[in-house]
Amino acid sequence: MLSIIQAAGWPIWPLILASIIALALIIERFISLKPSRIYSPSVVDEAIKVSHRGVPGPDTVNQLAQHSTVGEVLAAGWRALNSNPQCSPEEMRAALQAAGRSAAHKLERFLPALATIASAAPLLGLLGTVIGMIEIFGSQAPAGSLAGGNPAKLAHGISVALYNTAFGLIVAIPALIFWRYFRARVDGYVLALELAAERFSHHLEPLCKGSKR
């Protein structure tokens, strides 16, 4: 493997760097997007139960916010009511929506970088192949002559140049697969958070002293 990397030339090093970054992003997203860290239906039910008769104190609010992403979103509704006793339902919903947008942004973290690697890796591989072909054909043609050259060396050089394309695809294909997987998972989480926030907002409406009765 080391001999192949050395033979492929400097264009393969950006691909190696991209592969390391992609692997790190994939591992980080697997850890960060665990269901236990993002959403649990029991958290919504517990939050509704706790605030059945009134908004809990700051300690309970902070505990909910630190539990998971859905807890962070729901805690925004409690904080809106605690910070403004005359909070209206519209203001409470706005706080939940703002927290939801912030949570969605965090869930999508690093996904654009992974998508960029999936798109750029084949191009980097192709660039390496083109550079290698230019160097090979340049070295095969003696100055002032169209003949000559070593066919075996030419064939070997072409195969080495194609390593860049192959390595680019090796990096790009898993990156693309995992990007689509994480994208689908994030979309599912965002939908679940939206439904939980909508359900929680209906529960908190009677607690809003700014409600129009």
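**Comments concerning the overall build of the chain**
Phase 1 of the analysis: On a plain count of helices and strands, the chain comes out with nine helices and zero strands.
Phase 2 of the analysis: Reading the chain from its N terminus to its C terminus gives the helix and strand order α-α-α-α-α-α-α-α-α.
Phase 3 of the analysis: Within the chain, the fraction of its 213 residues that count as buried is 36%.
Phase 4 of the analysis: Of the contacts formed within the chain by residues at least 6 apart in sequence, a portion of 79% connects residues at least 24 apart.
Phase 5 of the analysis: If you sum the accessible surface of the chain, you get close to 12,400 Å²; carbon and sulfur atoms cover 65% of it.

**Some points on the environment of Val130**
Phase 1 of the analysis: Its place among the elements puts Val130 in helix H8 (residues 111-140).
Phase 2 of the analysis: What makes Val130 partly exposed here is its relative accessible area of 41%.

**Quick word on the pattern of salt bridges**
Phase 1 of the analysis: Under the defined criterion, the tally for this structure stands at six salt bridges.
Phase 2 of the analysis: The salt bridge partner of Glu72 is Lys106, with a shortest N-O separation of 3.1 Å. A residue pair is termed long-range when its members are at least 10 positions apart, and Glu72 in helix H6 (residues 69-83) and Lys106 in helix H7 (residues 89-107) qualify at 34 residues.
Phase 3 of the analysis: Looking at Glu72, the relative accessible area reads 30%, which means it is partly exposed.
Phase 4 of the analysis: Arg183 is paired through a salt bridge with Glu108; the nearest N and O atoms lie 3.0 Å apart. With Arg183 in helix H9 (residues 151-204) and Glu108 in the loop between H7 and H8, the pair connects residues that are 75 residues apart, well separated along the chain.
Phase 5 of the analysis: Each of Glu108, Arg183 and Asp187 takes part in one network of salt bridges that share partners.

**Topic: the packing of H6 against H7**
Phase 1 of the analysis: One can describe the packing of H6 onto H7 by two numbers: an axis separation of 8 Å at closest approach and a directional angle of 155°. Classified by the angle between their axes, H6 and H7 sit roughly antiparallel to one another. The hand of the H6/H7 crossing is right-handed. Residues Thr69, Glu72, Val73, Leu74, Ala76, Gly77 and Ala80 of H6 form the contact with H7, whose participating residues are Met92, Ala95, Leu96, Ala99, Gly100, Ala103 and Lys106.
Phase 2 of the analysis: Looking at side-chain class alone, the contact of H6 with H7 contains nine nonpolar, three polar and two charged residues.

**Points about the state of the cysteines**
Phase 1 of the analysis: Applying the stated criterion to the full structure yields zero disulfides.
Phase 2 of the analysis: Cys87 forms no disulfide, and the closest cysteine sulfur to it belongs to Cys208, at a distance of 4.9 Å.
Phase 3 of the analysis: Classification of Cys208 as buried rests on a relative accessible area of 1%.

**Overview of unusual backbone geometry**
Phase 1 of the analysis: One non-glycine residue with positive phi stands out, namely Phe110, at about 75°.
Phase 2 of the analysis: Within the secondary structure layout, Phe110 lies in the loop between H7 and H8.

**Focus: the nonpolar core**
Phase 1 of the analysis: In terms of nonpolar packing, the biggest core is built from 47 residues, with Leu107 and Phe200 touching the most fellow members.
Phase 2 of the analysis: When contributions to this core are tallied by element, the ones reaching two or more residues are helix H2 (12-32), helix H4 (41-50), helix H5 (58-67), H6, H7, H8 and H9.
Phase 3 of the analysis: In terms of residue count, H9 provides more of this core than any other element does, twelve residues in total.
Phase 4 of the analysis: For Phe200, the residues in contact, after removing those within four places along its chain, are Ala47, Ile48, Ser51, Leu74, Trp78 and Leu96.

**Structural notes on H4**
Phase 1 of the analysis: Within H4, burial applies to Val43, Val44, Ala47 and Ile48. The arc that holds the buried residues of H4, viewed along the axis, is 130°, so those residues lie on one side.

**Concerning the side chain of Arg29**
Phase 1 of the analysis: Relative to the elements of secondary structure, Arg29 occurs in helix H2.
Phase 2 of the analysis: Only 2.7 Å separates the side chain of Arg29 from the side chain of Glu28, close enough to count as a polar contact.
Phase 3 of the analysis: Excluding residues within four positions of it along the chain, Arg29 makes contact with Lys106, Leu107, Arg109, Phe110, Leu111 and Phe182.

Calculation rules
- Residues numbered from 1 in each chain as written.
- Predicted model: local features only at pLDDT ≥ 70, side-chain atom pairs only at ≥ 80, totals over all residues.
- Heavy atoms only, no water.
- Helix = DSSP H or I, 4+ residues; strand = E, 2+ residues; numbered from the N terminus.
- Buried < 20%, exposed > 50% of the residue type's maximum accessible area, 1.4 Å probe, protein only.
- Contact = heavy atoms within 4.5 Å.
- Areas by Shrake-Rupley, 256 points an atom, 1.4 Å probe, with all protein chains shown as cover.
- Salt bridge = Lys/Arg side-chain N within 4 Å of Asp/Glu carboxyl O.
- Axes fitted to C-alpha atoms, helices over the stretch in contact; angles between N-to-C directions.
- Parallel < 35°, antiparallel > 145°, perpendicular 65-115°, else oblique.
- Left-handed = near helix turned anticlockwise from the far one by under 90°.
- Nonpolar A, V, L, I, M, F, W, Y, C, P; charged D, E, K, R; others polar.
- Disulfide = S-S within 2.5 Å.
- Core = buried A, V, L, I, M, F, W, Y, C linked by side-chain atoms within 4.5 Å.
- Arc of directions from axis to C-beta.
- Polar contact = N/O pair within 3.5 Å; in protein donor to acceptor, adjacent residues only side chain to side chain.

Remember that the coordinates give geometry; whether it matters functionally is a separate question.
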